[in-house]
Amino acid sequence: MLGLEAFEQNVSIPDVKIKPELKGYNMMSFNAEAIDTIKARGYAAAMANDSLLREVAHRTALSDEISSKKSAVGYQLDSLMISEVDILGVLPREKEMIKQRFHLKFEDKISRADLDRIIDNIYGTQAYDYVTYELQGKDEPFDLVLNCRKGPVHQFGLGVRADTEEIVSVLLNVGLNAHKLHGHMFDLTAKISANPYASFHWSYDIPKFPTFNGTASIRWTDLNMLNLGNNRLSFNYLSAKQELYLSNIKWKQLDIRGGIRNEVLRMGNVRCQMHECYDLNLLSNDFVSAFLDSGTYTFDDGYFPTRGVSAGLSYSWTFAGFPHRFNNFHTLSADAKVVVPIGDIFAFIPSFDCRFLLGDNVPVPFFNAIGGSLPSRYLDQQMPFVGVTHLSAMKNILTIYRADLRFKVAKNHYLTGIVNYLRDSDTFRTYANGPGFFGAAVEYSYDTIFGPLSANVHWSDLTGKVGVYISAGYNF
């Protein structure tokens, strides 16, 4: 699709054009019979033009035109001097915004890797269907020309997911001005399931300044309805959250955001034993926090990456609320994951997650929670842990260590062995005391255009049970 325009411009240039008859075959024709047929028809089409190809070969056989030309510049291995930058396919104001935001002012050498990263970042704004570049000029310094094709400004999304925990979930999304580089943008997302939520996000982007954001969301969780008698933890939970913050703050490879948050939390019908490090008398209240988040993400694929790093660090100070008073407390959480390729078919993926609640008698709605395969599925603070379905409550100081060994069985087919280990404690002083908990799983996945199809068999000494988890569709 990205090469269609160039193809239409160039198709009339060659002396010989070969187009096999491929009616009945398309971009999804990957089975063995289709591949053999396509190759055979391509060969037959080439043989039909044999005399023309031989004429071209004869005319060019004794030519020294190519050898007399100056060798091409090895841009893959070297850096080149760039003098001017021009951007085609954008409005004049957008051109200046792109230059300012992505530092497109060159009077020095730039490497291929640096330029590819800039192109990726421009494409990552989702404002353009494609972004390509070309270097113009015979010698250094070259002129850099970016070619952008404007994409749709608004968006509508629909997603469906099925698994053995929530059965079926539907995600709806409407974005107004969602793919603009500046101005007001509005986004509404709603999940319809046994664990529903809705969120509204407003942002305002102007050149040379961080992005202003405002969000409002509400979510409802009722594990009493979902547990089917198997949950370690049962309760219902209402969360209504509002945030005002600044984002699009860049520091080296980090994206940073910070602001103020107000949360109305209501927790009821609790049918389990919570750890005594939490204030069990404060099940409902309004809480006000200041927060600061940072993160980086360089994976080459969202579900089956072959390289890259993901890392995040978050801090919040919950200092006020009503109608009930409480001791202010701090929340510090971090995560990191890296993909280490082992040849072409194996990948070792170690990861780490932690969440520390620092303070006396932390209100119970902020308790540390683990379980399942998806982060923040039932609660914002939920951390995945294979071997435990739904949720399990943990103590104030929580760490999880995990390692995945993924084997690419065939194209789009993956087999993964997973082990994870957690430790938790009331305080750092007692972190080494008491047992930790272990979990393991073997998972098979098939990557489709509609999202991964996965099934795993898991076990944990926290539950002492073997379980099965099956899912189809993208994570949400």
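These numbers were taken from a predicted model, which means no experiment stands behind them.

Cut-offs and rules
Residues numbered from 1 in each chain as written. Predicted model: local features only at pLDDT ≥ 70, side-chain atom pairs only at ≥ 80, totals over all residues. Heavy atoms only, no water. Helix = DSSP H or I, 4+ residues; strand = E, 2+ residues; numbered from the N terminus. Expected span 1.5 Å × (residues − 1). Contact = heavy atoms within 4.5 Å. Pairing = 2+ DSSP bridges. Axes fitted to C-alpha atoms, helices over the stretch in contact; angles between N-to-C directions. Patch = residues over 30% accessible without salt bridge, like charges linked within 9 Å, V, L, I, M, F, W, Y side chains within 5 Å. Areas by Shrake-Rupley, 256 points an atom, 1.4 Å probe, with all protein chains shown as cover. Salt bridge = Lys/Arg side-chain N within 4 Å of Asp/Glu carboxyl O. Phe/Tyr/Trp six-rings, centres within 6.5 Å; stacked < 30°, edge-to-face > 60°. Buried < 20%, exposed > 50% of the residue type's maximum accessible area, 1.4 Å probe, protein only. Lys NZ or Arg CZ within 6 Å of the ring centre and 35° of its normal.

A. Representation of helix α5 (residues 112–124) within the structure. Spanning 13 residues, α5 covers 18 Å between terminal C-alpha atoms, matching the ideal 18 Å at 1.5 Å per step. In this structure, the buried residues of α5 make contact with α4 (92–101), β2 (109–111), β3 (128–136) and β4 (142–150). One or two residues past the end of α5 sits Gln126, with phi positive at roughly 65°.

B. Quick peek at the sheet that holds β2. Reading across from one edge, β2-β1-β4-β3 is the order of the four strands in this open sheet, with mixed pairing throughout. Of all strands in the sheet, those bounded by a partner on one side alone are β2 and β3. Recorded for the sheet is a direction-independent mean angle of 45° between the axes of neighbouring strands. Bridge count between strand β1 (residues 79–88) and β4: six bridges; the pairing is parallel. Among the inter-strand pairings, Glu84 is bridged to a residue of β4, identified as Asp143. Lying over the sheet, α5 contacts β2, β3 and β4, oriented at roughly 150° with respect to β3.

C. How the structure looks around a nonpolar patch on the surface. Together, Phe156, Leu158, Val160, Ile167, Val168, Leu172, Val174, Leu176, Phe186, Leu188, Ile192 and Phe200 give the surface a local cluster of nonpolar side chains, amounting to about 1100 Å² of exposed area. Elements supplying a minimum of two residues to the nonpolar patch: β5 (155–163), β6 (167–176) and β7 (183–192). The dominant element in the nonpolar patch, judged by the number of residues it contributes, is β6, at five residues.

D. Inspection of the packing of aromatic side chains at higher detail. Scanning all chains against the criterion turns up 16 aromatic pairs. Measuring from centroid to centroid gives 4.9 Å for Phe287 and Phe366, while their planes differ by 90°, and the two rings are edge-to-face. Of this pair, Phe287 sits in strand β13 (residues 284–297) while Phe366 is found in the loop between β18 (362–363) and β19 (368–370), placing the two residues 79 residues apart along the sequence. Looking at Phe287, the relative accessible area reads 0%, which means it is buried. Between Phe329 and Phe366, the aromatic rings sit 5.1 Å apart at their centres with planes inclined by 70°, giving edge-to-face as the arrangement. With Phe329 in strand β15 (residues 329–338) and Phe366 in the loop between β18 and β19, the pair connects residues that are 37 residues apart, well separated along the chain. Note on accessibility: Phe329 and Phe366 belong to one class, buried. Each member of the aromatic cluster is reached from another via a ring pair, and the members are Phe235, Tyr237, Tyr278 and Phe367. Taking NZ or CZ as reference, Arg257 lies 4.6 Å from the ring centre of Tyr245, over its face. Over the face of the ring belonging to Phe30 we find Lys411, whose NZ or CZ atom lies 5.9 Å from the ring centre.

E. Structural view of the sheet that holds β19. Pairing in this open sheet of three strands is mixed, and the strands run β20-β19-β21 from one edge to the other. Two strands in the sheet have a free side with no partner beyond their single neighbour: β20 (382–383) and β21 (392–394). Direction of pairing for β19 relative to β20: parallel, over a ladder of two bridges. Bridge pairing links Ala369 to Gln382 in β20.

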